[in-house]
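Read off the chains here:
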Amino acid sequence: MKLTQGLLMAVKSVLSNKLRTILSMLGILIGVATVIALVAMGKASSNEVAEQVSSLGSPNSLSATITGRGTVTSLTVDEANELGDVMNIEGVAPVTSSNAYAKYGKTQASVAVEGITPAYEQVKDFPVQDGRYIAPPDINNASRVALIGVDTATDLFGEEGENPAEAVGKKITINGYNFTIVGLLESQGTSIAGSNDEKILIPITTAQKIFQTSGVTTINLLVADTDLMSATVTAIEAVLYEKFRGNENAYRVFNQEEAMETLNSVNETMNRQLIYVAIISLVVGGIGIMNIMLVSVTERTREIGIRKSLGAKKRDILFQFLVEAVCISGLGGALGIGLGYIASFVIGLVMHTETEVPGDTVLLSFAFSALVGVIFGYLPANKAAGLKPVDALRYD
Amino acid sequence: MSVNDQSYIPLIEMDGVTKYYMMAREKTTVLHNVSLKVDHGEFLAIVGPSGSGKSTLMNIIGCLDTPSEGSYKLEGSEMNGQSDNKLTVMRNQKIGFIFQGYHLLPKLTALENCELPLIYRGLPGKLRKQLAKEALERVGLGNRLHHRQSELSGGQQQRVAIARALATNPPMLLADEPTGALDSKTGMEVLNMMEELNQTGQTIVLITHDMEVAQRARRTVVIRDGVLTELGRRNDDEAYARLVNGREERLIEQA
């Protein structure tokens, strides 16, 4: 018997029993749809994570935190700036940060104060919307000037009934020291690390004076070529290793990719578990097909006998029933993919995220559902093929 | 073709065929040492009451089963001990089956039913359709090609079954109670058709319990309790008539 003829025969038989075909493919259909929807959901949440991580800074940024353990506990601003000589580093912005009380009129707020250099604007991509930035003379003179974040401006000036947008020129005190606001920072929104707009930036030299610290707490770095990220991280670590005389606990280099990987690995673990559940439902669907096919073999015993008496070989019958099983499971898989697409679209609408169905998942789930048909169709098909024509013809 | 020809091979040559089944550790013998020779072009009836072993004999002749002992040669090739696949190929190439219950596939049209054995023979679609159509025209159903079983009368259904058996142009038609499910008038038509086919040279082996049906054949053998007896040929009139009349009465009593 020719292959195409066998296929045609099986497809005809599958289509001639529509209700049964639909019912038996339901398990596979739901299984595949679940897989597609779950993967789409997982993709959506990892996209969300990527978005959140990128809000920590652009992907080409890098930061070294000085924890200050060991014999050498800190790094001066000049030493920090030397990191700019490392290859592939485009900008260095050392920061010393602490918490302080800012006061305007009668309103007082606890706020994060960061001592910065002018390079901060470029490295952190954090410009002002009004006024000017901190300039080199401010560093040299340790001027009492400050840039204020929009949220802090709202806290301080809004309470006093003044327009936060007109913050420039106002005078505030930080831990009792007088400061003049020279710039209002652009809004950066909230990241997983907290609000970026609830802070005050002052010249790093001023910060060292009023907080009585000598070193820097964080060094923000800008990388020229992100492809060389890991090499750059290694180079920075080598420099810091030398500065801190071999104490690796004194510093920590942190890059975005790493953060993304950490967060994604959580996501992946969850996704994998969901996929296991979906695979189980596919297997259950396969058992459903096997059930129906076994019933079908019993029901069609006489047909099998007739076909055999007319010259159908064992393998012809095996092929026919196997193809029928694969047709059912494949059709179920195809419809499941369609349903999965619809489901992922609906989930995207409900969760307000962009869901995404990866092409390889679609292919894989279709291939898997066809495989389920082969595996679970084999037993019934083999049973049909093994029937003796004499017995099968006598069967009513 | 002459019987005296040295190279002559009979269609069926059975020699000492015995068939037994093991039932609950007890050996039940259904056929006892059956020998039978059928030439090309014959119209043979095998007559026997139910339980006589005629179905078993038919299954062996039809390559649906194999003998426990003895030799069965179909056009010269030994069937005893053949694999299932070889038997299947022989069924497809040598035998056209006509069953009592027609055994058509209800979801297929008359034409598609007739195409089935040709499909398993691996013929291309165009040739298949042509051969199936010719077979249906031969049985007078040229205008019923696309009817399904439910749209045909019993006689028409049996004629489709005959067409299906003829489609492969087999050396032998094997008919198992072809008139069993038909009224006597339609049954007569079917028998007429078989007679006509035989006159064109088609070998027919007919299995029945009905002596009246068997009388339409040119040669009759009787099977009783697994033993085969030659009744005679229609052309040696006297002996035939005597044998038939004598045994017929007894057979009818027992049936």
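Residues numbered from 1 in each chain as written. Chains lettered and ligands numbered in written order. Predicted model: local features only at pLDDT ≥ 70, side-chain atom pairs only at ≥ 80, totals over all residues. Heavy atoms only, no water.

- Going by what an unreviewed UniProt entry lists, chain B is known as ABC transport system ATP-binding protein and is assigned to Paenibacillus harenae.

Looking at the overall build of chain B
And then number 1: Along the backbone of chain B there are 8 helices and 10 strands.
And then number 2: Taking all 255 residues of chain B together, 53% fall into the buried category. (Helix = DSSP H or I, 4+ residues; strand = E, 2+ residues; numbered from the N terminus. Buried < 20%, exposed > 50% of the residue type's maximum accessible area, 1.4 Å probe, protein only.)

What to know about the overall build of chain A
And then number 1: Tallying secondary structure elements over chain A gives 13 helices and 12 strands in all.
And then number 2: Taken over 396 residues, chain A has a buried fraction of 45%.
And then number 3: Taking contacts inside chain A between residues at least 6 apart in sequence as the whole, the part at least 24 apart equals 78%.
And then number 4: Working note: accessible area of chain A is about 19100 Å², and carbon and sulfur atoms make up 57% of it. (Contact = heavy atoms within 4.5 Å. Areas by Shrake-Rupley, 256 points an atom, 1.4 Å probe, with all protein chains shown as cover.)

A closer look at the sheet that holds strand E5 (residues 77–78) of chain B
All names here are of chain B.
And then number 1: Spatially, 4 strands are ordered E2-E1-E4-E5 in an open sheet, and the strand pairing comes out antiparallel. With one partner strand each, in any of the chains shown, strand E2 (26–38) and E5 form the two edges of the open sheet.
And then number 2: Pairing between strand E1 (residues 12–23) and strand E4 (residues 69–74): 5 bridges, direction antiparallel. Across the sheet, residue Thr18 finds its bridge partner in E4, namely Glu69.
And then number 3: Sheet strands touched by helix H1 (residues 54–61): E1, E2 and E4. Its angle to E1, the strand with the most contacts, is close to 125°. (Pairing = 2+ DSSP bridges. Axes fitted to C-alpha atoms, helices over the stretch in contact; angles between N-to-C directions.)

Points about the packing of helix H9 (residues 256–299) of chain A against helix H11 (residues 314–351) of chain A
Residues and elements named next belong to chain A.
And then number 1: For the pair H9 and H11, interaxial distance at closest approach is 11 Å and the crossing angle is 140°. Read as a crossing pair, H9 and H11 show a hand that is right-handed. Touching Ile289, Met293, Ser296 and Val297 of H9 are Phe321, Glu324, Ala325, Ile328 and Ser329, all from H11.
And then number 2: Taken together, the residues of the contact of H9 with H11 sort by class into 6 nonpolar, 2 polar and 1 charged. (Left-handed = near helix turned anticlockwise from the far one by under 90°. Nonpolar A, V, L, I, M, F, W, Y, C, P; charged D, E, K, R; others polar.)

Brief notes about the packing of aromatic side chains
Geometry of an aromatic ring pair is reported as the spacing of the ring centres plus the angle between the planes.
And then number 1: Counting across every chain of the model gives 4 aromatic pairs over all chains.
And then number 2: On the numbers, 5.4 Å between centres and 0° between planes, the contact of Phe97 of chain B with Phe99 of chain B is stacked. Phe99 of chain B shares its class with Phe97 of chain B; the two are buried.
And then number 3: Stacked on the ring of Phe157 of chain A, the Lys or Arg Lys170 of chain A has its end atom at 5.5 Å from the ring centre.
And then number 4: Between Lys27 of chain B and the ring centre of Tyr20 of chain B, over which it is positioned, the NZ or CZ distance is 4.3 Å. (Phe/Tyr/Trp six-rings, centres within 6.5 Å; stacked < 30°, edge-to-face > 60°. Lys NZ or Arg CZ within 6 Å of the ring centre and 35° of its normal.)

Some remarks on a nonpolar patch on the surface
And then number 1: On the surface, Leu339, Ile342, Phe345, Val346, Leu349, Val350 and Met351 of chain A cluster together to form a nonpolar patch covering roughly 690 Å² of accessible area.
And then number 2: Of note, Leu339 of chain A is situated in helix H11. (Patch = residues over 30% accessible without salt bridge, like charges linked within 9 Å, V, L, I, M, F, W, Y side chains within 5 Å. Salt bridge = Lys/Arg side-chain N within 4 Å of Asp/Glu carboxyl O.)

Remarks on the pairing of strand E5 (residues 145–148) of chain A
Residues and elements named next belong to chain A.
And then number 1: A two-sided burial pattern is seen for E5, the buried positions comprising Val145 and Leu147 on one face and Ala146 and Ile148 on the other.
And then number 2: Note that E5 and strand E7 (residues 177–185) share 4 bridges and pair parallel. Directly across from Val145, in E7, lies its bridge partner Thr180.
And then number 3: Relative to strand E10 (residues 199–203), E5 runs antiparallel, the two sharing 2 bridges. Counterpart to Leu147 in the pairing with E10 is Leu201.

As for the interface of chain A and chain B
And then number 1: At the junction of the two partners, chain A supplies 23 residues and chain B supplies 24 residues.
And then number 2: Scanning the region where chain A abuts chain B turns up 1 salt bridge.
And then number 3: Taken together, the connections running from chain A to chain B amount to 5 residue pairs in polar contact (both at pLDDT 80 or more).
And then number 4: By residue class, the composition of the side of chain A that touches chain B is 8 nonpolar, 6 polar and 9 charged. (Polar contact = N/O pair within 3.5 Å; in protein donor to acceptor, adjacent residues only side chain to side chain.)

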